[in-house]
Amino acid sequence: MDPYITDWLNLAIRFAHVVTGIAWIGASFYFVWLDNHLETPPDWKAEKGISGDLWAIHGGGFYEVAKYKLAPEKMPTLLHWFKWEAYTTWITGFFLLVLMFYVGAETYLIPTGSDMTQMQAIAYGLGTIIVGVGAYEVLVRTKLKDHGLILGIILLALGTALSYGLMQVFSPRGAYMHMGAVMGTIMAGNVFFGIMPSQRALVKAVEDGSKPDSKYGLNAKLRSTHNTYITLPVIFIMISNHYPMTYNHNAGWIVLIALILIGAAIREYFVQRHFGRNKPMLIVGSIVATIALAYAIAPAKLEATPEQLAQKVTIADVQTIVEQRCSACHSENNTDDIFQTAQGGVLFTDAASIEQWAPRIKARVIDSKDMPFMNKTKMTDEERLILSLWLNQIK
């Protein structure tokens, strides 16, 4: 596919994915907040079957919201459903996964040096999503759903195993995105397999004039609760491709699990706040854990012999390496077969531009070794050392 067309498709699908994701996450967060802020209604409302209500002000107007314990006596003329935010987010996300990691499997998904074919990579990726979501669906339909802690531990163990396995098969970036694809599909599946059927059952019971079974509401609430804790980790994975110090670390699989737990803990803080319970240690603990994680995976300092440190590296030496290994993707006239415009706006045109981008060279070429991308230009360890020595000289 022509890279110019690919870029426009990428832009359009990514933009749609972000917009629909905002709509879904916004609605999800709002209804969790709403449900957790409901107050005991006055007797005359309770007699109508209302289990909780609240008052709010927004946009210059007052709102009164009431939630029925099960359902009203008869269906209203107009009932608003919330499902397409989830479905369109998943659809656009899947299209983006296909475009980036399946159409572009050799570039983004298959690790350097692997003999895996494009079709094998696609099969492994789709298989991972199907098996991962299937395992969750099996577990959440058992009695474990009534034992949140045990179910959570089992899911964490399975997620950790999945994270490790993906890092053995795919590129680190591809592994993170497939972990996100599994979690995002679980979220959409919770809507499709759990929340919507439960809501349709409640509506049908009201239309038939029968008493709704409370199990439907409880099932929908359980899956909605699961989704709210998955949300922040999935958002992190969506943006993780910008931060190779996480996925490109030797222990990137456990870094991912740590960040998932931190995201869930942050979400728990806000959920507790909904109930008026301020638990600042959740936020403090998350911040401390993030700092500890950053310290633990920090790149090692330059290790060089006294002779190497005494070696004078000139800008001409650096320019030679940059021209050979970096200019294919970072010049005014790119020669790379995929990236035909300077990526990230980084241009290496002369010595001054190289010095301007020295901090990013350190972060991406030396610390995370994420550049050159997938090491397409085969930069050697010796060349990275020379760049390290130069960076050490000019700091």
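Since we're looking at a predicted model, the values are computed, not measured.

A. Summary view of the pattern of salt bridges. Tallied over the entire structure, the rule returns twelve salt bridges. Measuring nitrogen to oxygen at the nearest pair gives 2.6 Å for the salt bridge that ties lysine 67 to aspartate 35. With lysine 67 in strand β2 (residues 61–68) and aspartate 35 in helix α1 (residues 3–37), this pair connects stretches of sequence that are 32 residues apart. Exposure remark for aspartate 35: the relative accessible area of 23% places this residue in the partly exposed category. Two residues, lysine 362 and aspartate 367, come together in a salt bridge whose shortest N-O distance is 3.0 Å. The network of salt bridges with common partners includes Asp35, Lys67 and Lys221.

B. Main features of the nonpolar core. Phe101 and Met179 are the most contacted members of the largest nonpolar core, which totals 55 residues. Looking at this core, the elements with two or more residues in it are α1, α3 (84–103), α4 (105–109), α5 (118–140), α6 (148–169), α7 (172–208), α8 (214–239) and α10 (252–274). Examining the composition of this core, we find that 13 residues originate from one element, α7, more than from any other. Not counting residues within four places of it along the chain, the set of residues in contact with phenylalanine 101 comprises Leu96, Tyr108, Leu109, Arg173, Gly174, Met177 and His178. Within the second largest apolar cluster, 17 residues are counted, among which are Val346, Ile354, Ile366 and Met379.

C. Region of interest: α10. The end-to-end C-alpha distance of α10 is 33 Å, a good match for the 33 Å that 23 residues give at a rise of 1.5 Å each. Note on α10: the residue one or two positions beyond its end, glycine 276, has a positive phi of about 80 degrees.

D. Here's a closer look at α8. Taking 1.5 Å of rise per residue, the 26 residues of α8 would be expected to cover 38 Å, and the 39 Å separating its terminal C-alpha atoms lies within 8% of that figure. Most pronounced at isoleucine 230, the bend in α8 amounts to some 35 degrees, and the proline proline 233 follows within four residues. Within the sequence span of α8, burial applies to Ala220, Arg223, His226, Asn227, Thr228, Ile230, Thr231, Pro233, Val234, Phe236 and Ile237. If you follow the buried residues of α8, they end up packed against α1, α5, α6, α7, α9 (244–247) and α10.

E. Structural detail: the environment of leucine 54. Tracing the chain through its elements places leucine 54 in strand β1 (residues 50–58). The class for leucine 54 is buried, based on a relative accessible area of 7%. For the pair leucine 54 and threonine 40, spaced 14 residues apart in sequence, the C-alpha to C-alpha distance is 8.8 Å. Sequence-distant contacts of leucine 54, that is, excluding residues within four places in its chain, are made with Trp33, Leu34, His37, Leu38, Tyr63, Glu64 and Val65.

F. Geometry of the environment of isoleucine 361. In this structure, isoleucine 361 sits in helix α15 (residues 358–367). In this structure isoleucine 361 touches Phe348, Ile354, Ile366 and Leu391, once residues within four positions along its chain are discounted.

G. Here's a closer look at the confidence of the model for the protein. Mean pLDDT over the protein: 91, with 100% of residues reaching 70 or higher. Per-element mean pLDDT across the protein ranges from 83 in helix α12 (residues 306–310) up to 96 in α5.

H. Representation of unusual backbone geometry. Here the bond from methionine 371 into proline 372 is cis, since omega is -5 degrees, no more than 30 degrees from zero. With respect to the helices, strands and loops of the structure, proline 372 is situated in the loop between α15 and α16 (381–394). One non-glycine residue, methionine 374, lies in positive phi territory at about 55 degrees. As for its placement among the helices and strands, methionine 374 is situated in the loop between α15 and α16. Phi angles above zero are rare outside glycine, and lysine 378 is one such case at about 60 degrees. Along the polypeptide, lysine 378 turns up in the loop between α15 and α16. Residue classification places lysine 378 among the exposed residues on the basis of a relative accessible area of 61%.

What counts, and where the lines are drawn
Residues numbered from 1 in each chain as written. Predicted model: local features only at pLDDT ≥ 70, side-chain atom pairs only at ≥ 80, totals over all residues. Heavy atoms only, no water. Salt bridge = Lys/Arg side-chain N within 4 Å of Asp/Glu carboxyl O. Helix = DSSP H or I, 4+ residues; strand = E, 2+ residues; numbered from the N terminus. Buried < 20%, exposed > 50% of the residue type's maximum accessible area, 1.4 Å probe, protein only. Core = buried A, V, L, I, M, F, W, Y, C linked by side-chain atoms within 4.5 Å. Contact = heavy atoms within 4.5 Å. Expected span 1.5 Å × (residues − 1). Bend = angle between axes of the 7 residues up to and from the residue. pLDDT = per-residue confidence, 0-100.

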